[in-house]
Amino acid sequence: VAVMPIAIWGGLVVIISGVIITRLYLNKMDSEENE
Amino acid sequence: MENLVALIIVGLGIGLSIWISFYHRASTGSTANFYVAGGGLSPRVNGLAMLGDYASAASFLGVAGAVALQGVDGWWLAIGFFAAWVVVLLTIASPLKNVGKFTAADVLNARFTEHTKKIRTVAMFSTLALCVMYLVPQIVGAGYLFGLLLGWDYLPTVLVTGSLMALFVIVGGMKGTSYNQAIQGSILFGAMLFLLIYGVIHLFGGNPGGVITAAETMVPVKLAAGNAQAVTAAAAAASPGAAVDAVRAIMSDAPSAVTPGVGLRDFANQSSLVIALFLGVLGLPHILIKFYTVSNASDARKSAEITIWGLAVFYAAIFFVGLIAMYALYPDLLKMIVHGEVGKAKNMTMPMLGDVLGGQVLLGVIAAGAMAAMLSTSAGLLISATSSLSHDLYKGVINPNSTDVQELRFAKMGAFFLAIIAIAMSVWLKNENVAMLVGMCFGIAASTFAPVLVLTVWWKGLTSQAVVWGMASGLVFSLLFTFSKFFGLKTMLGLDVLVNPALYSVPIAILVTVVVSMMTSDCGDTEEFMAKAHGK
């Protein structure tokens with residue numbers, strides 16, 4: 001996995017970042033609603 | 001018959017979809033049930049339905065085909081689709097759900113109480129233009145698919161597909177369509193993962209690293225097709241692997257399938273495509289309406305979470321499946337491009353890979369998945385278009401005192417007529433590239449709904465007059481440049497005609513919206529609307 005070309009890593013980083021950002025956003029919305 | 005087994009599987013898939021639509025026919029008794037399933041879908045069903053809706057023919061067929069032909073650059077289309085979904089979620093999904101309206105025009109009218117008829121009318125024309133334009137690539141893709149399976153002519157194929165999608169919507173409404181989309185989303189997802197795992201086992205002895213090694217060896221098909229010596233060597237090779245090695249031996253300095261830049265266009269065309277992809281989903285009504293089909297904002301977020309995980313795995317897997325397809329079909333894809341069958345090479349990679357890996361059965365499953373993607377996306381689009389037609393035009397402008405039954409009858413008639421228009425355009429545009437057509441729809445959406453929806457929920461200075469003029473100018477200029485492209489014009493208004501209208505029409509729409517806002521004063525019920533939209 002570590003030797004994957006940079007172009008593949010770039011795409012995967014965008015996808016993983018998208019999931020993390022979405023998770024953080026949804027958690028924030030949930031906590032705001034519960035307050 | 002040549003592909004009988006595959007055809008039976010596709011037929012069973014379509015039969016299941018029709019049965020689901022009939023099963024849920026009782027749920028179309030009211031407009032709320034017809035448009036948004038009464039807001040009563042579970043988050044899981046809605047999440048899977050959004051996945052099925054989003055992962056349309058462009059993703060399932062187009063992106064895999066683009067990767068198979070030009071390598072990693074084709075994947076950036078998928079990354080664009082994925083990133084755009086995150087932008088939708090972060091910017092407008094929750095505010096729109098909080099406002100709780102059916103169509104984009106309803107959202108705008110929830111804030112603005114003046115010029116409501118003008119806003120509804122412009123929004124309706126934008127929705128209709130978008131939905132019909134988006135239906136065309138789905139039908140064209142289905143045309144190629146049936147052609148591959150049956151050897152049918154294009155015209156009967158298009159008539160069958162168009163009729164089926166209208167039937168889904170007229171009979172099943174949003175509930176039937178959503179359950180179909182949930183099942184079809186699952187089929188697509190399963191087919192994608194199966195192709196990935198089975199392809200790695202069958203072609204690379206179960207070693208995933210073998211796919212990367214092969215990708216670093218392969219000269220992208222698009223480049224190799226320009227070298228006559230390479231084409232001859234690939235045709236003479238005994239196996240796809242041997243063809244890959246033979247082409248690499250001849251084109252030793254050529255980029256590989258993981259070298260960025262092979263499929264990029266010039267700066268203006270590339271910028272236009274990026275703007276369209278990034279902003280387009282913000283304005284696509286068939287995606288936005290999905291946030292209304294659950295009962296509350298919390299369930300909308302649960303749906304969104306299921307969808308984001310599904311999309312992440314789907315768009316990561318699609319790249320590796322595209323590389324596997326390039327390897328497995330290398331000589332075949334080269335031959336198709338040399339013989340001018342570029343459309344087939346771009347759009348039929350997935351079913352052809354299914355045929356190579358698993359014969360008739362896998363071809364049938366992939367074709368059923370692809371057909372499902374096209375039908376579910378088409379049905380979702382048609383629901384949005386008919387919602388807008390009956391709700392914004394009939395109820396909002398023509399007959400404000402209409403009953404639910406009258407509105408529903410108008411919606412179902414609308415689905416029928418829109419399907420006819422889409423079929424006619426599919427016949428006219430049958431030689432256009434599917435991915436390019438979808439990109440154009442994104443460009444129109446980015447020029448119409450995207451700027452005004454974002455500004456409506458985030459900018460207190462926006463005025464009702466600016467909404468009308470902003471959307472209208474975006475619609476006119478995006479359609480002007482889109483149809484200039486269809487008619488083969490090189491320039492329009494002294495500007496080069498690009499593959500996508502967004503580079504011109506998006507800045508025009510934003511500029512007009514901001515300037516008119518500064519010149520006029522009706523900002524609507526700003527405080528009340530903002531408080532509701534942001535849950536304050």
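So, how was this worked out
Residues numbered from 1 in each chain as written. Chains lettered and ligands numbered in written order. Predicted model: local features only at pLDDT ≥ 70, side-chain atom pairs only at ≥ 80, totals over all residues. Heavy atoms only, no water. Helix = DSSP H or I, 4+ residues; strand = E, 2+ residues; numbered from the N terminus. Buried < 20%, exposed > 50% of the residue type's maximum accessible area, 1.4 Å probe, protein only. Areas by Shrake-Rupley, 256 points an atom, 1.4 Å probe, with all protein chains shown as cover. Contact = heavy atoms within 4.5 Å. Buried area = accessible area lost by both parts, 1.4 Å probe. Salt bridge = Lys/Arg side-chain N within 4 Å of Asp/Glu carboxyl O. Polar contact = N/O pair within 3.5 Å; in protein donor to acceptor, adjacent residues only side chain to side chain. Patch = residues over 30% accessible without salt bridge, like charges linked within 9 Å, V, L, I, M, F, W, Y side chains within 5 Å. Axes fitted to C-alpha atoms, helices over the stretch in contact; angles between N-to-C directions. Parallel < 35°, antiparallel > 145°, perpendicular 65-115°, else oblique. Left-handed = near helix turned anticlockwise from the far one by under 90°. Nonpolar A, V, L, I, M, F, W, Y, C, P; charged D, E, K, R; others polar. Core = buried A, V, L, I, M, F, W, Y, C linked by side-chain atoms within 4.5 Å. 1 Å grid on protein atoms, 1.4 Å probe; cavity = no way out; pocket = protein on both sides within 12 Å on 5 of 7 lines; lining within 4 Å. Points joined across faces, edges and corners; volume = space filled by probe spheres on them. Arc of directions from axis to C-beta. pLDDT = per-residue confidence, 0-100.

Scanning chain A for helices and strands turns up 1 helix and 0 strands. Counting all 35 residues of chain A, 37% fall into the buried class. Summed over its atoms, the accessible surface of chain A is roughly 2,200 Å², and 68% of this surface lies on carbon and sulfur atoms.

Further remarks concern the interface of chain B and chain A. Listed per partner, the contact involves 24 residues of chain B and 19 residues of chain A. For the pair chain B and chain A, the two sides together bury roughly 2,000 Å², of which 79% comes from carbon and sulfur. Seen at the junction of chain B and chain A, the total is 0 salt bridges. Linking chain B with chain A are 0 residue pairs in polar contact (both at pLDDT 80 or more), by the criterion used here.

As a further point, take the pattern of salt bridges. If charged atoms from side chains of opposite charge come close, those side chains can pair. Residues and elements named next belong to chain B. Within this structure, the stated rule accounts for 1 salt bridge over all chains. A salt bridge links E527 to K460; its shortest N-O distance comes to 3.6 Å. Taken together, the residues span a long stretch of sequence, with E527 in helix α24 (residues 526-533) and K460 in the loop between α21 (449-458) and α22 (464-486) at a distance of 67 residues.

Turning our eyes to something else, we now look at the side chain of T526(B). Positionally, T526(B) belongs in helix α24. Excluding residues within four positions of it along the chain, T526(B) makes contact with R111(B) and K460(B).

For the rest of this paragraph, the subject is a nonpolar patch on the surface. Residues and elements named next belong to chain B. A surface patch of nonpolar side chains, amounting to about 500 Å² of accessible area, comprises L16, W19, Y23, I183 and I187. Mapped onto the nonpolar patch, the elements with two or more residues apiece are α1 (4-23) and α8 (154-204). Top element by residues in the nonpolar patch is α1. It accounts for 3 residues.

Attention now goes to the packing of helix α7 (residues 116-150) of chain B against helix α20 (residues 434-447) of chain B. All names here are of chain B. Contact geometry for α7 and α20: axes closest at 9 Å, N-to-C directions at 170°. The orientation of α7 with respect to α20, classified from their angle, is roughly antiparallel. Here α7 runs over α20; the crossing is left-handed. Only V434, L437, V438, C441, F442, I444 and A445 of α20 make contact with α7, whose side of the interface consists of L130, M133, Y134, V136, P137, V140 and G141. Here the contact of α7 with α20 is composed, by residue class, of 13 nonpolar, 1 polar and no charged.

Mapped onto the elements, S163(B) comes out in helix α8. Here the alpha-carbon distance between S163(B) and F416(B), two residues 253 residues apart in the chain, equals 8.4 Å.

Core analysis: the biggest nonpolar cluster contains 179 residues, and F60(B), W75(B), Y315(B) and Y330(B) have the highest contact counts within it. Counting residues per element, this core draws most heavily on α7(B), which supplies 19 residues. For W75(B), the residues in contact, after removing those within four places along its chain, are A7(A), I8(A), G11(A), L12(A), I15(A), V67(B), Y315(B), A316(B), I318(B) and F319(B). With 5 residues, the next largest nonpolar core counts F481(B), M492(B), L498(B) and Y504(B) among its residues.

Here the focus is the packing of α7(B) against helix α18 (residues 349-398) of chain B. All names here are of chain B. Axis separation between α7 and α18 bottoms out at 8 Å; the angle between their running directions is 160°. Taken together, the axes of α7 and α18 lie roughly antiparallel to each other. The crossing of α7 and α18 is left-handed.

To continue, consider empty space enclosed by the protein. Residues and elements named next belong to chain B. Going through the model one piece at a time under the given rule, you end up with 5 cavities of 30 Å³ or more. One number sums up the size of the second largest cavity: a volume of about 90 Å³. Together, 13 residues line the second largest cavity, and G13, I14, S17, A368 and A372 are the ones closest to its centre. Contributing elements (two or more residues each) for the lining of the second largest cavity: α1, α8 and α18. It is α1 that contributes the most residues to the lining of the second largest cavity, 5 residues altogether. Of the residues belonging to the lining of the second largest cavity, the class tally is 9 nonpolar, 4 polar and no charged.

Moving on, we come to the side chain of S473(B). All names here are of chain B. Within the fold, S473 resides in helix α22. Look at S473 and you get buried, because its relative accessible area is 12%. In terms of polar contacts, S473 uses its side chain to reach the backbone carbonyl oxygen of G470, at 3.0 Å.

Our next topic: helix α16 (residues 330-338) of chain B. Residues and elements named next belong to chain B. Buried within α16 are the following residues: Y330, L333, L334, M336 and I337. Burial along α16 is one-sided: seen end-on, the buried residues are contained in an arc of 165°. Just beyond α16, the residue with positive phi is G340, at close to 80°.

Bringing helix α12 (residues 240-250) of chain B into the picture now. For α12(B), the full list of buried residues reads G241(B), A243(B), V244(B), V247(B) and R248(B). Projected down its long axis, α12(B) shows its buried positions confined to an angular sector of 160°, all on one face.

Averaged over all residues, the pLDDT of chain B is 82; the fraction at 70 or higher stands at 90%. Within chain B, the lowest mean pLDDT, 52, falls on helix α2 (residues 31-36) of chain B, and the highest, 95, falls on helix α23 (residues 502-519) of chain B.

Attention now moves to unusual backbone geometry. All names here are of chain B. Even without a glycine there, the phi angle at H115 is positive, about 55°. Assignment of secondary structure puts H115 in the loop between α6 (104-111) and α7. In this model, L493 sits at a positive phi of 55°, which is unusual for a non-glycine residue. Considering the arrangement of structural elements, one finds L493 in the loop between β1 (491-492) and β2 (495-496). We classify L493 as exposed; its relative accessible area is 56%.

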